[in-house]
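Structure assessment
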Amino acid sequence: MNLHEYQAKQLLAHRGVAVPPGRVARTATEAHQAAAALFAQGSSRVVVKAQIHAGGRGKGVFKGGLQGGVRICQSADEVQDRARQMLGQVLVTKQTGPDGRRVSAVLVEAASVIRREFYCAVLLDRAAACPVIMVSGQGGMDIEEVAATAPDQIIRERIDSALGLMPFQARKLAAALGLKGDLINQATRLLAGVYQTWWECDASLVEINPLGLVEAGEGKETLVAIDAKLTIDDNALYRHPDIQQMRDLAEESPLETEARNHNLTYIKLGGSIACLVNGAGLAMATMDIIQHYGGRPANFLDVGGGAKQEQVAAAFKIILQDPNVRAILVNIFGGIMDCDVIAKGIVAAVREAGLKLPLVVRLEGNNVQAGNQRLADSGLTIIRGGSMADAAEKVVAAAGRK
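Everything in this summary refers to the structure shown in the same document. Computed from a predicted model, the values in this text were never measured in an experiment. (Residues numbered from 1 in each chain as written. Predicted model: local features only at pLDDT ≥ 70, side-chain atom pairs only at ≥ 80, totals over all residues. Heavy atoms only, no water.)

Quick look at the layout of surface pockets now. Volume-wise, the second largest pocket comes out at about 360 Å³. Every residue lining the second largest pocket is counted, 14 residues in all, and those nearest its centre are D99, E252, S253, P254 and K268. If one sorts the elements of the lining of the second largest pocket by residue count, helix α8 (residues 254–261) sits on top with 3 residues. Looking at the lining of the second largest pocket residue by residue, the class counts come to 4 nonpolar, 4 polar and 6 charged. (1 Å grid on protein atoms, 1.4 Å probe; cavity = no way out; pocket = protein on both sides within 12 Å on 5 of 7 lines; lining within 4 Å. Points joined across faces, edges and corners; volume = space filled by probe spheres on them. Helix = DSSP H or I, 4+ residues; strand = E, 2+ residues; numbered from the N terminus. Nonpolar A, V, L, I, M, F, W, Y, C, P; charged D, E, K, R; others polar.)

Next comes the structure, spelled out in structure tokens:
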């Protein structure tokens, strides 16, 4: 589950991470009020930031013509005008694709005078089976680009999850960024707050880019999270009802939301062969073998280990809402699951939907004979796959003929 920038900053600030003063606004009038308060508090400039679940907002383009989803303003009236141009409009960035995302809120913040930009993130190092904190002096850039062109600019520190981030590790990272004096202490506290946010919120990623070294008056400098991204592990949301309330369904795929309502895991992809599989590992293997035979999967769809007939029917309805689908592959291994129950769900779903697309089914495991017999007796045009390879080869061929 992704959060908006303003939500991520709320969680970070609660744990001691410095963020610019600001407020979220959902109308141009609210934006004007927020900006007026910031100017009254002494801010010389205010920034208006479109809130969507995508990066690259500053270089994005609104379909209405406005350039940039991050704009610096010199007055409250200008903030109001920019907010009016952004709210309700569709912003297209390199991460949204051509469809873009509709902006329903803006973040109005004091615009800091930035002297240096850093990068900071905490995520799970799956190979080492532990958290890792990463920092770089190349803030404000795509970290993927930095990793590709200057990998030595990324400093990594693995963390013992039983101990947490130790102060000496934070000081080591701060020194690697070239910070000195009191900034070492600031960075130590800030990095501790970033790691605490990752740990306590059950996040899969906390990213601050840029982490700014900004002017704080009287010649002093301070470290501030200029932008923040926070992704929560869906499997841990039951422990965080407060974070669940931050979910913005308008930012998520309608099909993924519908799938979640039926306890299905669905992710839309760009191919033409739909997959309906039980188990994440088998789903990944199914997508791989489709690609091996020259096809492209249209989705990841895991119905789980104990799917019922109603869930199978719901899965077919979701699949058929994707106009790019040209064929469907059902690949089921019945361990806990009864293949006959799945077959019954397939037959019911195909009849209800009036399916015209080629359908390849491969069943294996618990009660497979009864399941295959039910499919054979249905009178429907269903292509049997004897093995994963056979099923994949047949569905790729069928999609090519469609």
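In this structure the tally under the stated criterion is 19 salt bridges. Its salt-bridge partner being E5, residue K9 comes within 2.7 Å of it at the nearest N-O pair. Taken together, the residues span about one helical turn, with K9 and E5 both in helix α1 (residues 5–13) at a distance of 4 residues. We note that K9, like E5, is buried. Each of the salt bridges in this network shares a partner with another, and the network as a whole consists of E5, K9, K49, R57, E109 and D227. (Salt bridge = Lys/Arg side-chain N within 4 Å of Asp/Glu carboxyl O. Buried < 20%, exposed > 50% of the residue type's maximum accessible area, 1.4 Å probe, protein only.)

Orientation of helix α10 (residues 309–319) relative to helix α11 (residues 339–353), taken along the N-to-C sense of each, is 40 degrees, at an axis distance of 8 Å. Taken together, the axis directions place α10 and α11 in an arrangement best described as oblique. Classified by chirality, the crossing of α11 by α10 is right-handed. Contacts from Q309, V312, A313, F316 and K317 of α10 reach α11 at V341, I342, K344, G345, I346, A348, A349, V350 and E352. Of the residues assigned to the contact of α10 with α11, the class counts are 9 nonpolar, 2 polar and 3 charged. (Axes fitted to C-alpha atoms, helices over the stretch in contact; angles between N-to-C directions. Parallel < 35°, antiparallel > 145°, perpendicular 65-115°, else oblique. Left-handed = near helix turned anticlockwise from the far one by under 90°. Contact = heavy atoms within 4.5 Å.)

Everything listed here is a matter of coordinates, which is why it stays silent on function.
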